[in-house]
Amino acid sequence: MSIPSLADLHALGAAQQPSYPDRAAVDAAVERLRTMPPLVFAGECDELKSKIAAVSRGEAFLLQGGDCAETLAGVTADNVRAKLRVLLQMSVVLTYAASVPVVKLGRLAGQYAKPRSSDFETRTLADGQTVTLPAYRGDAVNGYDFTPEARTPDPQRLVDIYNASAATLNLVRAFVTGGYADLRQVHTWNQDFVKGSPFAAKYDALAGEIDRAMAFMRAIGVADADEFHRADFHSSHEALVLEYEHALTRIDSRTEQPYDVSGHFVWIGERTRQIDGAHVELMSKIRNPIGVKLGPTTTPDDALALAARLNPDNEPGRLTFITRFGAGRIRDGLPPIIEKVTAEGVSVAWICDPMHGNTFEATSGYKTRRFDDVLDEVQGFFDVHRALGTWPGGLHVELTGDNVTECLGGGEELTDADLANRYESVCDPRLNRVQSLEMAFLVAEMLRKA
Ligand code: PEP
Ligand code: MN
């Protein structure tokens, strides 16, 4: 299959692209990226695809999570370790509850570009002056500081985020194969969580069950197996900036097929899923497993058209629909889509993103989400799938391993007044470590009934 040129893609009208002031500098950055080694191997993408095929058959559950937007400054050992740790902890709880493998997918090592609802941001400065600058589009594009220098899109950043992704992935690969992800150790972290705080005691029963299961496996000798020592982990990000994704799309020597080697799994966002648009065109050419976000305006025919364009051979594991309707709309909005897609025999994994349909501005001015709304959307997702006899295949969440204060509620009962304490996201609010673990225990209960 041939790869369309960048010029052909831009001619389709690409949404959400940076306005670079210097085209020659863009070309130079793209040429540099084309010489860089792949971040992931095509064979790894195929392995992930076969695992997602199991999700679409109802034989596995997918957990996808990480920052809304990674930052270059956030590439530290502590930060990456904390994120990995919370994802592994969540996956142990979910694996036990679902009694099926949990496919672990980080929103990391490439999640640096953001779609924005407005191209510009206006602020009133301390001296009363009103200033309008280009919106922050993620560290892949420009800087977060509200200055003309920082906000001007700089193509050298595409090379910088390649390097940052390589460093992140290197660390993740070392962690997951080097014993850090040992199941016994991860379970001990969960025990600490359950013992450590008063509200977490309500998860004691499930943690106790996992304890006994682990003891049983130790007793019969399976706990020394290799699978206990290492974890499967893959990278993912939104494929947004065409220059970056195109420069990292390569022909695999084994299969002679194109793969986007910037990450194992890439997805098309809610704002770039136009059926004739550049993102759908490029993603239709690569062989990675891919996702598409489906928001509340999606019609059943939109979903069918996307499936036909992106997965014409109906290959299992190739396509994941990540639904993000909002707690108030999922119970009415999702069923017609699932019904039509299922009736047409389309193979797809259904994943719930309970974050992006539930964002609002708090009275303090911070962008936030309520833990209860997030949970309610997940509950709606499970209810809809149970009613239709389809498999609620997984969760897509924005989270961090740190104790930030960005989302409201949860066992610690964070309030609007708490948001200012530790609000660190440069984009959307994330569940903190405690909220993420709570989510895993609560979703575990839902999975047991699914
Ligand atoms: C995101 O995942 O951060 C995002 C922007 O999501 P969506 O495309 O669903 O709005
Ligand atoms: Mn987001």
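For the structure, see preceding data.
Residues numbered from 1 in each chain as written. Chains lettered and ligands numbered in written order. Predicted model: local features only at pLDDT ≥ 70, side-chain atom pairs only at ≥ 80, totals over all residues. Heavy atoms only, no water.

A. Main features of the nonpolar core. Ranked by size, the top nonpolar core spans 115 residues in total, and within it Phe61, Tyr244, Met283, Leu310, Phe321 and Met439 carry the most contacts. One finds Ala54, Ala60, Phe265 and Trp267 within the second-largest nonpolar core, a separate group that totals 13 residues. (Core = buried A, V, L, I, M, F, W, Y, C linked by side-chain atoms within 4.5 Å. Buried < 20%, exposed > 50% of the residue type's maximum accessible area, 1.4 Å probe, protein only.)

B. Expanded view of the packing of aromatic side chains. This structure, assessed with the given rule, holds 9 aromatic pairs. Ring geometry for Phe193 against Phe441: centres 5.9 Å apart, planes inclined by 25 degrees, an arrangement best described as stacked. Note that Phe193 is positioned in helix α7 (residues 183–196) and Phe441 in helix α15 (residues 433–449), a separation of 248 residues in sequence. Residue Phe441 is classed as buried on the basis of its relative accessible area of 2%. Geometrically, the ring pair formed by Phe381 and Phe382 is edge-to-face, given 6.0 Å between the ring centres and 80 degrees between the ring planes. (Phe/Tyr/Trp six-rings, centres within 6.5 Å; stacked < 30°, edge-to-face > 60°. Helix = DSSP H or I, 4+ residues; strand = E, 2+ residues; numbered from the N terminus.)

C. Summary view of the site of ligand 1. Taken together, the residues surrounding ligand 1 are Cys68, Arg107, Lys114, Pro115, Gly269, Glu270, Arg271, Lys293, Arg324, His356 and Glu398. One of the side-chain N or O atoms of Lys114 is found 2.7 Å from an oxygen atom in ligand 1. Between Glu270 and ligand 1, the recorded distance is 2.9 Å, taken from a backbone N or O atom to an oxygen atom. Taken by itself ligand 1 offers 300 Å² of open surface, and the protein chains cover 98% of this. Here the shell around ligand 1 is built from residues that sort into 2 nonpolar, 2 polar and 7 charged. (Near = heavy atom within 4 Å. Polar contact = N/O pair within 3.5 Å; in protein donor to acceptor, adjacent residues only side chain to side chain. Areas by Shrake-Rupley, 256 points an atom, 1.4 Å probe, with all protein chains shown as cover. Nonpolar A, V, L, I, M, F, W, Y, C, P; charged D, E, K, R; others polar.)

D. Highlighting the pairing of strand β9 (residues 290–294). Most of β9 is tucked away: 5 of the 5 residues are buried. Residues of β9 alternate between two faces, with Ile290, Val292 and Leu294 on one and Gly291 and Lys293 on the opposite face, all of them buried. Of the strand pairs in this sheet, strand β8 (residues 265–268) and β9 are connected by 3 bridges, and their pairing is parallel. Bridge pairing links Trp267 to Gly291 in β9. Since β8 and β9 lie parallel, the crossover through helix α11 (residues 278–285) that links them has a hand, and here it is right-handed. Examined bridge by bridge, β9 and strand β10 (residues 319–323) share 5 bridges and lie parallel to one another. Paired with Val292 across the bridge in β10 is Phe321. Note that the unit made of β9, helix α12 (residues 300–310) and β10 has a crossover that is right-handed. (Pairing = 2+ DSSP bridges. Right-handed = clockwise from strand over helix to strand, strands pointing away.)

E. View of helix α14 (residues 371–388). Look at α14: 26 Å from first C-alpha to last across 18 residues, which is about the 26 Å you get at 1.5 Å a residue. The complete set of buried residues in α14 reads Phe371, Val374, Leu375, Glu377, Val378, Gly380, Phe381, Phe382, Val384 and His385. After α14 finishes, the residue Gly389 shows a positive phi value of roughly 75 degrees. (Expected span 1.5 Å × (residues − 1).)

F. Layout of the sheet that holds strand β14 (residues 394–398). Around the barrel, which closes on itself, the 8 strands sit in the order β1-β2-β5-β8-β9-β10-β11-β14 with parallel pairing between neighbours. The sheet shows a mean angle of 25 degrees between the axes of neighbouring strands, taken without regard to direction. Note: strand β2 (residues 102–107) against strand β5 (residues 234–238), 3 bridges, orientation parallel. Within β5, the residue paired with Arg107 across the bridge is Ser236. (Axes fitted to C-alpha atoms, helices over the stretch in contact; angles between N-to-C directions.)

G. Examining the state of the cysteines more closely. A complete count under the given rule lists 0 disulfides for this structure. Of all cysteine sulfurs, the one in Cys68 lies closest to Cys407, which takes part in no disulfide; the gap is 11 Å. Classification of Cys407 as buried rests on a relative accessible area of 0%. (Disulfide = S-S within 2.5 Å.)

H. Representation of helix α8 (residues 204–219). Over its 16 residues, α8 runs 22 Å from end to end, which matches the ideal 22 Å to within 8%, given 1.5 Å per residue. Listed as buried for α8 are Leu206, Ala207, Gly208, Ile210 and Met214. Structurally, α8 contributes buried residues whose contacts are with α4 (77–98), α7 and α15. (Contact = heavy atoms within 4.5 Å.)

I. How the structure looks around a nonpolar patch on the surface. A cluster of nonpolar side chains, namely Phe216, Ile220 and Val222, defines an oily patch on the protein surface of about 290 Å² accessible area. Within the secondary structure layout, Val222 lies in the loop between α8 and α9 (226–229). Here Val222 falls in the partly exposed class, since its relative accessible area comes to 36%. (Patch = residues over 30% accessible without salt bridge, like charges linked within 9 Å, V, L, I, M, F, W, Y side chains within 5 Å. Salt bridge = Lys/Arg side-chain N within 4 Å of Asp/Glu carboxyl O.)

J. Highlighting the pattern of salt bridges. What the rule picks out here adds up to 31 salt bridges. Between Arg57 and Glu59 there is a salt bridge, and its shortest N-O distance comes to 3.1 Å. The class of Glu59 is partly exposed, set by a relative accessible area of 41%. Arg287 is the partner of Glu315 in a salt bridge, and the nearest nitrogen-oxygen pair spans 2.7 Å. Residue Glu315 is located in the loop between α12 and β10, and its partner Arg287 is located in the loop between α11 and β9; the two are separated by 28 residues in the primary sequence. On the basis of relative accessible area, Glu315 is assigned to the partly exposed category, the value being 24%.

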